[in-house]
Amino acid sequence: MDKELHDIEETLIAKHLMGEATPDEERTLYAWIAANDSNRIHFEKTKAALEISIKHKPVAQEPLNIDVDQEWNRFLESANQSENVLRMPTVSNWLRIAAAILLLIASGVLINYFINSGSDFVYQTAENTQVVTLPDNSQVVLNRNSVLTFTDSFLEQERRVSLRGEAFFEVQEDPTKPFVIECDGAEVVVVGTSFNIDNSNFQGTLEVVVSSGKVKLASMKQKEEILLEAGDKGVFDRVSGRLTEQKNDDANFMSWKTKKLEFDGSSLVDVVTALSETYGLDISIAVDVPASCLVTATFDNQDLDSVLKILQSTLGLTYKRTKGQIEITEVEC
């Protein structure tokens, strides 16, 4: 194996899959993958090892027994790629990467995935967030259960990406190459700014909240657009195709990213909704809550258990926790 392939395999791919690659390393990896089919296949085989490791997530005290060669052959058969795949080196390197990923999974850390298919680069998150550095050094923080896609022509005439889900963008300024985000019937066009897009309600509305600079929100259906500035929120109604503009009054619109929550006389129902969105858990209230049950508090990067203990002591909450769910069963306020 030549030195370039060895370096890519041992450092860039493994660091990328574990979310530890620097922006320069990400760009180097993109270029290496796009250089030829052999590199792309090598990357996809490494990714397959990741998928195998997730498929065989170990149970506590249960021995792990994986035949990676057999699993790789099954992967080829299912993808109909057997005749087109080049003969690759031994699987020991992929086993090492898969073993490292298994260790993270066993520790409760969920890995997002990236794949290059043809000319498309796709980032998809599951139950955790991910920071993506684009080829122009713009940064995108993907929320849980979100997908970001762009092609290898990203830097040619315009910087175009597609988003499903929620993300916070910090776009590098470049007046010669507008930054365009496609969002299922709407587009967000920027030059250099920071903003949050919530495109997770595919049947309802798209929301754009601007933190700095200016962005243009356009409706493809109605052929209209609005200009949003810092502090504004734009809403796109998917049914009518209409756009509305208003001031953002939600202090916690980025809490999923910052883990900072501010409540000033907020209802317990609103607090529970914010906690669910911030921590990615299904939190519900099984009892009637008096209108006088209000919360004034600030939580800054605290874990959910700490937040619940504070609410428990101040509001007299009783709750029960099951896998992925929390149910509030009593309220004394």
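Right above here is the structure, for reference.
Overview of the structure. Model, not experiment: these values are computed from the prediction.

What follows concerns the overall build of the protein. Check the secondary structure of the protein and you find eight helices and 19 strands. For the protein, restricting intrachain contacts to residue pairs at least 6 apart in sequence, the fraction spanning at least 24 positions comes to 47%. Only carbon and sulfur atoms are counted for the fraction: they give 47% of the accessible area of the protein, which is about 17,200 Å².

Counted under the stated rule, the structure contains one disulfide. One disulfide bridge connects cysteine 293 with cysteine 333, the sulfur atoms lying 1.8 Å from each other. Between cysteine 293 and cysteine 333 the sulfur-sulfur dihedral comes to about -90°; the bridge is accordingly left-handed. Taken as a pair, cysteine 293 in the loop between β16 (282-285) and β17 (294-300) and cysteine 333 in the segment after β19 (325-330) lie far apart in primary sequence, 40 residues in all. A relative accessible area of 32% places cysteine 333 in the partly exposed class.

Before going further, it helps to examine the layout of surface pockets. The calculated volume of the largest pocket comes to roughly 710 Å³. Together, 32 residues line the largest pocket, and Glu166, Asp198, Asp250, Phe253 and Glu277 are the ones closest to its centre. Elements with a contribution of two residues or more to the lining of the largest pocket: β6 (159-170), β9 (194-199), β10 (205-212), α6 (255-258), β15 (260-267) and α7 (268-279). For the lining of the largest pocket, the element with the most residues is α7, which contributes five residues. Here the lining of the largest pocket is composed, by residue class, of eight nonpolar, 13 polar and 11 charged.

In this fold, isoleucine 285 is placed in strand β16. In this view, isoleucine 285 contacts Leu268, Val269, Val272 and Ile328; residues no more than four positions away in its chain are not counted.

Turning next to the packing of aromatic side chains. Summed over all chains, the structure comprises six aromatic pairs. Where phenylalanine 154 meets phenylalanine 179, the ring centres are 6.1 Å apart and the plane angle is 80°; that geometry is what we call edge-to-face. With phenylalanine 154 in the loop between β5 (147-151) and β6 and phenylalanine 179 in strand β7 (residues 179-182), the pair connects residues that are 25 residues apart, well separated along the chain. Relative accessible area serves as the criterion here: at 0%, phenylalanine 179 is assigned to the buried category. On the basis of an interplanar angle of 65° and a centroid distance of 6.4 Å, the ring pair of phenylalanine 263 and phenylalanine 299 is categorised as edge-to-face.

Of all hydrophobic cores here, the largest spans 32 residues; its most connected members are Phe169, Ile181, Phe195 and Ile197. Top element by residues in this core is β6. It accounts for four residues. If we ignore the near neighbours within four places in the chain, the residues touching phenylalanine 195 are Ala167, Phe168, Phe169, Val171, Ile181, Val188, Val190, Val208, Val209, Val210, Ser211 and Val215.

Within the open sheet, the three strands sit side by side as β16-β19-β18. Their pairing is mixed. With one partner strand each, in any of the chains shown, β16 and β18 (318-322) form the two edges of the open sheet. Taken over all neighbouring pairs, the strand axes of this sheet differ in orientation by 20° on average, direction set aside. Looking at chain direction, β16 and β19 are connected through four bridges and run parallel. Bridge pairing in β19 links isoleucine 285 to isoleucine 328. Of the strands in this sheet, β16 and β19 touch α7, which is tilted by about 165° from β16. Helix α8 (residues 304-315) rests against β16, β18 and β19 of the sheet, and its axis sits at about 155° to β18.

Scanning the model with the defined rule gives 12 salt bridges in all. The salt bridge partner of lysine 247 is aspartate 232, with a shortest N-O separation of 2.8 Å. Placement of lysine 247 in strand β14 (residues 243-247) and of aspartate 232 in strand β13 (residues 232-237) is noted, with a sequence separation of 15 residues between them. Among the residues examined, lysine 247 registers a relative accessible area of 60% and is labelled exposed. The residue lysine 260 makes a salt bridge to glutamate 262 at a minimum N-O spacing of 3.7 Å. Judged by its relative accessible area of 35%, lysine 260 is partly exposed.

Moving on to the pairing of β9. For β9, a buried count of five out of six residues is recorded, marking the element as mostly surrounded by other parts of the structure. Sheet topology note: the β6/β9 ladder contains six bridges and is antiparallel. Bridge assignment links alanine 167 to a residue of β9, and that residue is isoleucine 197. When β9 meets β10, the two strands line up antiparallel, connected through five bridges. Bridged to phenylalanine 195 within β10 is valine 210. Where β9 hands over to β10, the hairpin turn is made up of five residues, counted between the paired strands.

Calculation criteria
- Residues numbered from 1 in each chain as written.
- Predicted model: local features only at pLDDT ≥ 70, side-chain atom pairs only at ≥ 80, totals over all residues.
- Heavy atoms only, no water.
- Helix = DSSP H or I, 4+ residues; strand = E, 2+ residues; numbered from the N terminus.
- Contact = heavy atoms within 4.5 Å.
- Areas by Shrake-Rupley, 256 points an atom, 1.4 Å probe, with all protein chains shown as cover.
- Disulfide = S-S within 2.5 Å.
- Buried < 20%, exposed > 50% of the residue type's maximum accessible area, 1.4 Å probe, protein only.
- 1 Å grid on protein atoms, 1.4 Å probe; cavity = no way out; pocket = protein on both sides within 12 Å on 5 of 7 lines; lining within 4 Å.
- Points joined across faces, edges and corners; volume = space filled by probe spheres on them.
- Nonpolar A, V, L, I, M, F, W, Y, C, P; charged D, E, K, R; others polar.
- Phe/Tyr/Trp six-rings, centres within 6.5 Å; stacked < 30°, edge-to-face > 60°.
- Core = buried A, V, L, I, M, F, W, Y, C linked by side-chain atoms within 4.5 Å.
- Pairing = 2+ DSSP bridges.
- Axes fitted to C-alpha atoms, helices over the stretch in contact; angles between N-to-C directions.
- Salt bridge = Lys/Arg side-chain N within 4 Å of Asp/Glu carboxyl O.

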